[in-house]
Amino acid sequence: MRSRYSAYALGLTDYIINTYSPEISSKLNRKEIESGTQINWIKLSIKKSQITSENEGYVHFKAFYREQGETFVLEERSRFIRIDSSWYYVDGVFPTE
């Protein structure tokens, strides 16, 4: 999760695409991902991480960013899968609690 956040902050679109799970990466819209790298990301806070099985885990995070002089937060519970020894992003939900 931290490496993906850093990739967004640094504008590393290829890294972001390569860290999506293989079944999802072929369906991605590069321009949408690039738009996320144009945001002024300022802070990442990991609220909780959880391994639910040998090859699946979750990360609940808050990512703070600035746009037009205001600070906003993106909060998500992301699902990752492990393939070989690497973790890949699958999807996420926006917590309501």
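Our structure's up above, just so we're on the same page.
Presented here is a report on the structure given in the accompanying data block. All values reported here derive from a predicted model rather than from experimental measurement.

Right, let's get into the nonpolar core. Ranked by internal contacts, the top residues of the largest apolar core, which has 14 residues, are Tyr8, Ile16, Tyr20, Ile33, Trp41 and Ala63. Put simply, the parts of the chain that give this core at least two residues each are α1 (2-10), α2 (13-18) and β2 (56-67). Among the elements that make up this core, the one with the highest residue count is β2 (four residues). Contact partners of Trp41, with chain neighbours within four places excluded, come to Tyr5, Tyr8, Ala9, Gly36, Ala63, Phe64, Tyr65 and Leu74.

So, on to the pattern of salt bridges. Applying the stated criterion across every chain yields a total of four salt bridges. The salt bridge partner of Glu34 is Arg30, with a shortest N-O separation of 3.2 Å. Taken as a pair, Glu34 and Arg30 lie in helix α4 (residues 30-37) at a separation of four residues, close to a single helical turn. For Arg30, a relative accessible area of 37% translates into the label partly exposed. Of the charged contacts in the structure, one is a salt bridge between Arg79 and Asp91, with a shortest N-O distance of 2.9 Å. Remark: Asp91 occurs in strand β4 (residues 86-93) and Arg79 occurs in strand β3 (residues 70-83); sequence separation between them is twelve residues. Among the residues examined, Asp91 registers a relative accessible area of 34% and is labelled partly exposed. Sharing partners across several salt bridges, the network here consists of Asp14, Arg30 and Glu34.

Here the structure, examined in full by the defined rule, presents six aromatic pairs. Of the aromatic side chains, those joined through ring pairs into one cluster are Tyr5, Tyr8, Trp41, Tyr65 and Phe72. A cation over an aromatic ring shows up here: Arg4 above the ring of Tyr20, its NZ or CZ 4.6 Å from the ring centre. The ring of Tyr58 carries the charged tip of Arg77 above its face, separated from the ring centre by 3.8 Å.

Each value, and the rule that gives it
- Residues numbered from 1 in each chain as written.
- Predicted model: local features only at pLDDT ≥ 70, side-chain atom pairs only at ≥ 80, totals over all residues.
- Heavy atoms only, no water.
- Core = buried A, V, L, I, M, F, W, Y, C linked by side-chain atoms within 4.5 Å.
- Buried < 20%, exposed > 50% of the residue type's maximum accessible area, 1.4 Å probe, protein only.
- Helix = DSSP H or I, 4+ residues; strand = E, 2+ residues; numbered from the N terminus.
- Contact = heavy atoms within 4.5 Å.
- Salt bridge = Lys/Arg side-chain N within 4 Å of Asp/Glu carboxyl O.
- Phe/Tyr/Trp six-rings, centres within 6.5 Å; stacked < 30°, edge-to-face > 60°.
- Lys NZ or Arg CZ within 6 Å of the ring centre and 35° of its normal.

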